[in-house]
Amino acid sequence: MKRVASLYLPDWSIERLRRMTQIDTSMSRRPDVARPNSAAISHGDEGGRRREALSGDTGFGRGATPLEKAAAAERAETCSVPRGGGWRPGARWAREDVEAQIAALPAHQRPPFRDLGRRSEAAAPPFRAMRADEATGGQPFRPAGSVPKSLGPDPRSMAGHPDSSGRETLQRPRLRDIAVPERPTPVRHSGEDRPLVTSIKQGSRLVIAAACAGARALGLAPGMAITQARALVPELDIRDADPAGDAADLLRLAITAARRWTPLTALSTTDGGDADGLMLDITGSAHLFGGEARMAQRIVRLLGRLGFTARIAVADTAGAAWAMARFGGRGCSIVPPTRHVEAIAGLPLAALRLDAGAVDALVHLGVNTIGQLVAMPRAPLVRRFGDALVTRIDQASGRVAEPLDPVVPPEPILVEQRFMEPIATAEAIAHWLGVLMPRLVTALAQVGQGARRIELVADRIDGIPQRLHIGLARPSRDGAHMLRLITRRIEEIAPGYGIDALALHVRRADRLDAQPFDERLEDRPADLAPLVDTLANRIGDARLWRMRAVESDVPERSLAPAPPMSEAPRAGPRLKSDDIRQLDRGVDLHPWHPRWPRPARLLRRPEQLDHVIAELPDQPPRRFTWRGQTHRIVRADGPERILGEWWHRTAEAQLVRDYFQVEDEIGHRFWLFRRGDGERAETGDLAWFIHGAFG
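First things first, this report covers the structure right here in the doc. (Residues numbered from 1 in each chain as written. Predicted model: local features only at pLDDT ≥ 70, side-chain atom pairs only at ≥ 80, totals over all residues. Heavy atoms only, no water.)

## A look at the side chain of Gln466
- Its location among the elements puts Gln466 in strand β13 (residues 466–476).
- Judged by its relative accessible area of 17%, Gln466 falls in the buried class.
- A distance of 3.4 Å separates the side chain of Gln466 from the backbone nitrogen of Ala494, its partner in a polar contact.
- Setting aside residues no more than four positions away along its own chain, Gln466 makes contact with Leu456, Val457, Ala458, Arg460, Glu492, Ile493 and Ala494. (Helix = DSSP H or I, 4+ residues; strand = E, 2+ residues; numbered from the N terminus. Buried < 20%, exposed > 50% of the residue type's maximum accessible area, 1.4 Å probe, protein only. Polar contact = N/O pair within 3.5 Å; in protein donor to acceptor, adjacent residues only side chain to side chain. Contact = heavy atoms within 4.5 Å.)

Listed below in structure tokens is the structure:
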């Protein structure tokens, strides 16, 4: 009998994002992770963006305690108004009774500071609140149990009190009773406890794509506008959704399941086409893991250790298993054989994977469960809703087969050659590599892929394999180029007493379709991939990079490292006809335009110069000392004024740098700058620095 398991991952995208964040954090905290050599190029003074500590454990907080005690003793002796009498508006001691009542309230009922008269936090902006977003039909999202103000006061605040006759009468709340606002204080989160949602763009609006359990408990749901969600939960953590990454990782999970649990594994998709789980045909494989129950628990526990919430259900049909996994209400649901129709009879209609319109129409007719729908005559259902509804019923009950579309794990690509007699010379190894490489190219062409990483495994007769790796900057099936990369490193192989087998394994491959042929050879740009491959395999990938331009005027922020063969940035989207940016008729100049020459390499950080002689406010230096050597300037060009980027750091609002290109009497050319404009003290201290050198 066929048995199908449905694996449901309700928070796949959120938990995947959190797992990636944890991995990045753990890698950044490892002391043994060395910085790549590309970090030698300055990418911006990110270390200066430090936030001040907000807790009381600061140096000022620890040192202020004795001062506070002395000030309190002095006030007790010199205060003109005693504690027990008199009244002064705004005095703290005049509000002790109210503060005591507020402190006695639970934390979730305490009013925010802005409602207590004297404010100790920033006030709200003096603009009117936005109207409710159209995503909710004009009605704002409210927590369960809340009452709109338009329907009158909360019945809980109009408590009934018995009078002299024993009847309950409504009593008008006193001033002390209504001093605390009815709306709850917004819950503040910090660190990993902050509610997390992902956003995606629908038309011109940003809406929630997925929300964690904590965000859903606060009333946030997929489809809600981001502006409304941020208004409800100010501390909301909003990240960009990554549907392509979610689908790719789920496909990797399906391939892993096909290799580990059952070969028939398929992706389970929703009505919108997004995958939210897996379908596994465990017929004939459950006994290998101790039975269906133990296999299901084992899968759930494995995903739980990786940080993913999972629910799994096993039934005779894929439709019944899908319904039980999402609406069964348990982590592991095992439906006994031939009992799947009874198991899904009490589930809602959405468990049949019907369209939302059909579900709403059936609920309007009074049909709420699958059992009620199955009991109805089939002919009127077909006339009213079409064949899709009846097909879903038959698939769930088993009358109509629902075959799975299994994922096919990719087979590793390798070619191997074994020898009757061991070989031990470099010439013999090079000869057989020349025989194996055309076979590897043929195998890659058959699957439409290009190699990115190849491993040569030489099996010695003593059982100790010799391994050699080469990497390629882009997918390639150029046999001659790959053979040259390998044969240059044959001397790294230690043959020992002899090698009895050679094998070429493709450890990484990407899709490579047929390449167009251009007859105009003179117009084709030079292909740098062979050069990059040669250098990277000789000195290592970490020591090879290129620089890309970044939109910034500050030199150390205007460049960043990039892979050697990274693609050029694509042009932005086409502007609309009524966009104001259409009025800009200027030509977009490249950040590294020859009009503003820059050194080919900047120092890690600017170094201060000594004994500088220069005229203010805009003259280049005549002489300076750098690293103990004095340079006399014979030619100079400048200044080029660069202002601080206040949107990155507020401390740069007034900063000014004046850059000069100077040449000394020996012919060395330097790039210097003076901190400050020479007229206003707030722009800088007039210190001179060297930022790079030309040539």
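## Focus on the packing of aromatic side chains
- By the definition in use, this model includes 10 aromatic pairs.
- Here Tyr659 and Phe673 contribute two aromatic rings whose centre-to-centre distance is 5.0 Å and whose plane-to-plane angle is 40 degrees, an arrangement assigned as tilted. Placement of the pair is Tyr659 in strand β21 (residues 656–664) and Phe673 in strand β22 (residues 669–675), with a sequence separation of 14 residues. Per residue, the accessibility class of Tyr659 equals that of Phe673, and both read buried.
- Ring centres of Phe660 and Trp688 lie 5.6 Å apart, and the angle between their planes is 40 degrees; on these two criteria the pair is classed as tilted. Placement of Phe660 in strand β21 and of Trp688 in strand β23 (residues 688–694) is noted, with a sequence separation of 28 residues between them. With respect to class, Phe660 is no different from Trp688; both count as buried.
- Joined through ring pairs, the aromatic side chains of Tyr659, Trp671, Phe673 and Phe689 make up one cluster.
- Over the ring of Phe385 we find Arg384, and its NZ or CZ is 4.8 Å from the ring centre.
- Across the ring face of Phe673, the terminal group of Arg657 is positioned such that the distance to the ring centre comes to 4.6 Å. (Phe/Tyr/Trp six-rings, centres within 6.5 Å; stacked < 30°, edge-to-face > 60°. Lys NZ or Arg CZ within 6 Å of the ring centre and 35° of its normal.)

## Thoughts on the sheet that holds strand β18 (residues 610–614)
- Reading across the sheet, the seven strands line up as β17-β23-β22-β21-β20-β19-β18 and stay open at both edges, with antiparallel pairing between neighbours. The open sheet has two edge strands with one neighbour each: β17 (601–608) and β18. The average undirected angle you get between the axes of adjacent strands in this sheet is 30 degrees.
- Pairing of strand β19 (residues 621–626) with strand β20 (residues 629–643), which is carried by four bridges, proceeds in the antiparallel orientation. Paired with Thr625 across the two strands is Thr630, which belongs to β20. (Pairing = 2+ DSSP bridges. Axes fitted to C-alpha atoms, helices over the stretch in contact; angles between N-to-C directions.)

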